[in-house]
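# Working through the structure, step by step
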Amino acid sequence: MLNIQNLHARVEDKAILKGVTLDVPAGEVHAIMGPNGAGKSTLSYVLTGRGGYEVTEGAASLNGEDLLALEPNERAAKGLFLSFQYPLEIPGVPALTFIRTALNAQRRARGEDEIAAPAFLKLAKEKAASLKIDFEMLKRGLNVGFSGGEKKRMEIFQMAMLSPKFLILDETDSGLDIDALKIVSEGVNALRSPERGMLVITHYQRLLDYIKPDRVHVLAAGRIVASGGPELALQLEAEGYDKYASAAA
Amino acid sequence: MSLASALKTGDLTELPSRRDEDWRWTDLRGLIRTLPPLSPKFEGDIGVGPFAADETLTLVNGQGAIDLTLAAGETRVISMRLISATAATAHAGRVRITVGEGARLTLLESHEGLGEGYLSEIALDIHLASDAVVERIVLASDAPEAVSVVDAEVALSAGARFAQTLLTSGARRQRIETRVAHPGAHADLRLDGIYLLDGQRHADLTTQVTHAGVDGTTSQLTKGMVADQARGVFQGRIIVQPGADQTDARMGHHALILSDKAEVDAKPELLIFADDVSCAHGNTIGALDEQAIFYARQRGIPEMEARAMLTEAFVGEVVERIEHEPAREVARAWVAQRLGRSNI
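Residues numbered from 1 in each chain as written. Chains lettered and ligands numbered in written order. Predicted model: local features only at pLDDT ≥ 70, side-chain atom pairs only at ≥ 80, totals over all residues. Heavy atoms only, no water.

### Describing the side chain of Ser84(B)
Residue and element names in this part refer to chain B. Here serine 84 is to be found in strand 3 (residues 75-84). On the basis of relative accessible area, serine 84 is assigned to the buried category, the value being 5%. Polar contacts involving the side chain of serine 84 include one to the side chain of histidine 91, which spans 3.2 Å. Aside from chain neighbours lying at most four places away, what touches serine 84 is Asn61, His91, Glu112, Gly113, Leu114, Gly115, Tyr118 and Ser120. (Helix = DSSP H or I, 4+ residues; strand = E, 2+ residues; numbered from the N terminus. Buried < 20%, exposed > 50% of the residue type's maximum accessible area, 1.4 Å probe, protein only. Polar contact = N/O pair within 3.5 Å; in protein donor to acceptor, adjacent residues only side chain to side chain. Contact = heavy atoms within 4.5 Å.)

In structure tokens, the structure reads:
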């Protein structure tokens, strides 16, 4: 599924990723934990192709397809989805219009037929109900005036609508109260399947009580410095990141 | 001093130039070195216009004049087609519209450039009697090499309401000017506009509103997008004369610049000579939000489509203020078509 080999990346002259190697097979959920500034968000942006990041070495592929050679929208059409730490507000574009535009663009890119309006609306109503999203909210400008929790729920809603093959969740727990965290986690867990992989990026262990990972990796100073089972997250929660910070330096 | 008077006299010095403060960004004298011959009477096919209406008034090559009167209490929806049909010729046309007391007019005005490289000036006089209501929607589709001036003089009476939306794709040089005499007296004015310019097109949306009496309202919203080497000009002047208290006037102009070589010049002016008024203006010029573009692309929307979608949303606010539903649909389709074609 997702293979990252010795990935180096920098922003302007500052090296952020210094040789990340990671393999997430289909059906597995891997967590990436690490202190602030370790390069967690950079990793998600480099994988999805955001401008301003320069890959200087290494490779990243999804199901054997070289991600780094593709435009961001082409990566999305291949099934890569990033749930943003800070989802953007898009004034004047209703959420439903935005998602339908995205879904149809992906389908066109894959040579599939566009989804018809009735089928799309039916699907949207189902998914919105399961995420406890008021359908009327989907007719307003995407994320405009939404609370932090509503924005995160809207990310999961988009994920459910677009049905990607590989999900990256960047600090999805930030800004969520416990009720919102449960709803969001249930939404993510509903998407777990043997064909789908996930990379859950988080600073805190809390999210991993709800989205249980198969593997946990520690990212510090641009490298994976430790990997283990779910117990590693608990250990980090108890001991902090200090020893990895020094190990990386 | 105008294009029309230059055409009449053959005197190029009659053309407005950059030395005239109100024309500093839309210099005609520097552009027009010789006057082309006057446009002939045109007998060919003019096709159908962009608006559907029960009644259509047509002025081709400025020949003849339109004189329209609505009797008190009448309601009419009229499509008015002002057509420049012959390439490399010049003409000036006149339109007079009188709207009687309490009458309602929806004026669907199209400026259609069928020929190339023409010079056109259309002068409109629009008079609203008390409590009359006019919604004027102007779709200016001039040829890229044309020089076009549309000059409207609007006089409101007590309790009248005039609402206007200009939609323009510009021309080689284009000026659409609206001057409104506002008596206060619970008369209400809305002056909106959208310009979507690419290539080397130029559009100048100039307005002047003079509030002369108490209790008048004005609301203005203009939004624009310039790409390539295009140039957008917005000049909005609101004058509140002594004694025009309780005037409430708002003016907004917001533009997107999508290329390094494109330009927007904006001059909002509030000249207030009364004490008890509420006036505000806002003016912003910027680029599309690159983070929002990336967000849309991450969801699978190709870059060009993402840019068009965000631009459409940006100007959509102005489209939504159009009251006449079929015209709103025409405006939506026009925006979508313009953004699909331009190189953004």
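### What about empty space enclosed by the protein?
Any empty space left between atoms is shown by rolling a water-sized probe over those atoms. All names here are of chain B. Counted under the stated rule, the structure contains 2 cavities of 30 Å³ or more. Taken as a whole, the largest cavity holds about 60 Å³ of empty space. As for the largest cavity, its lining consists of Asn61, Gly62, Leu82, Ile83, Ser84, His91, His111, Glu112, Ser120, Ile122, Asp142 and Ser148. Mapped by element, the contributors of at least two residues to the lining of the largest cavity are strand 3, strand 5 (104-113) and strand 6 (119-128). Element by element, the count of residues in the lining of the largest cavity is highest for strand 3, at 3 residues. Residues belonging to the lining of the largest cavity are distributed by class as follows: 3 nonpolar, 7 polar and 2 charged. What lines the second largest cavity is simply Gln164, Leu166, Leu191, Asp192, Gly193, Leu205, Thr207, Gln220, Thr222 and Phe234. For the lining of the second largest cavity, the elements supplying multiple residues, two or more each, are strand 9 (161-168), strand 11 (188-197), strand 12 (202-211) and strand 13 (217-226). Looking at the lining of the second largest cavity, the element that brings in the most residues is strand 11, giving 3 residues. Across the lining of the second largest cavity, the residue classes tally to 4 nonpolar, 5 polar and 1 charged. (1 Å grid on protein atoms, 1.4 Å probe; cavity = no way out; pocket = protein on both sides within 12 Å on 5 of 7 lines; lining within 4 Å. Points joined across faces, edges and corners; volume = space filled by probe spheres on them. Nonpolar A, V, L, I, M, F, W, Y, C, P; charged D, E, K, R; others polar.)

### Some thoughts on unusual backbone geometry
Of note, the phi angle at Ala221(A) is positive, near 50°, even though the residue is not glycine. For Ala221(A), a relative accessible area of 33% gives the class partly exposed.

### Quick word on the interface of chain A and chain B
The interface is formed by 30 residues belonging to chain A together with 17 residues belonging to chain B. Buried surface at the junction of chain A and chain B, both sides included, amounts to about 1900 Å², of which 65% is carbon and sulfur. Ranking the residues of chain A by area buried against chain B places Asn73(A), Leu88(A) and Phe98(A) at the top, with a combined share of 27%. Summed over the shared surface of chain A and chain B, the number is 3 salt bridges. Note that Arg299(B) is salt-bridged to Glu155(A), the shortest N-O span being 2.9 Å. Across the contact surface, chain A and chain B share 12 residue pairs in polar contact (both at pLDDT 80 or more). Sorting the residues of the side of chain A that touches chain B by element identifies helix 1 (40-48), helix 2 (72-77), strand 6 (80-83), strand 7 (90-94), helix 3 (95-109) and helix 5 (148-162) of chain A as the ones contributing at least two each. (Buried area = accessible area lost by both parts, 1.4 Å probe. Salt bridge = Lys/Arg side-chain N within 4 Å of Asp/Glu carboxyl O.)

### Comments concerning helix 8 (residues 231-239) of chain A
All names here are of chain A. The set of residues buried in helix 8 consists of Leu232, Ala233 and Leu236. Within helix 8, the buried residues cover an arc of 100° as seen down the axis, which keeps them to one side. Seen from the buried face of helix 8, the exposed residues on the opposite side, beyond 90 degrees, are Glu231, Leu234 and Ala238. Directly beyond the C-terminal end of helix 8, a positive phi value near 80° is found at glycine 240. (Arc of directions from axis to C-beta.)

### Re the sheet that holds strand 6 of chain A
Residues and elements named next belong to chain A. Pairing is mixed in the open sheet, where 6 strands are placed in the order 6-9-10-3-11-12. Either end of the sheet is taken by a strand with one partner, and the two such strands are strand 6 and strand 12 (223-228). With direction set aside, neighbouring strand axes in the sheet form an average angle of 20°. Where strand 11 (residues 215-220) and strand 12 come together, 5 bridges link them in antiparallel fashion. By the bridge assignment for strand 12, leucine 219 is matched with isoleucine 224. (Pairing = 2+ DSSP bridges. Axes fitted to C-alpha atoms, helices over the stretch in contact; angles between N-to-C directions.)

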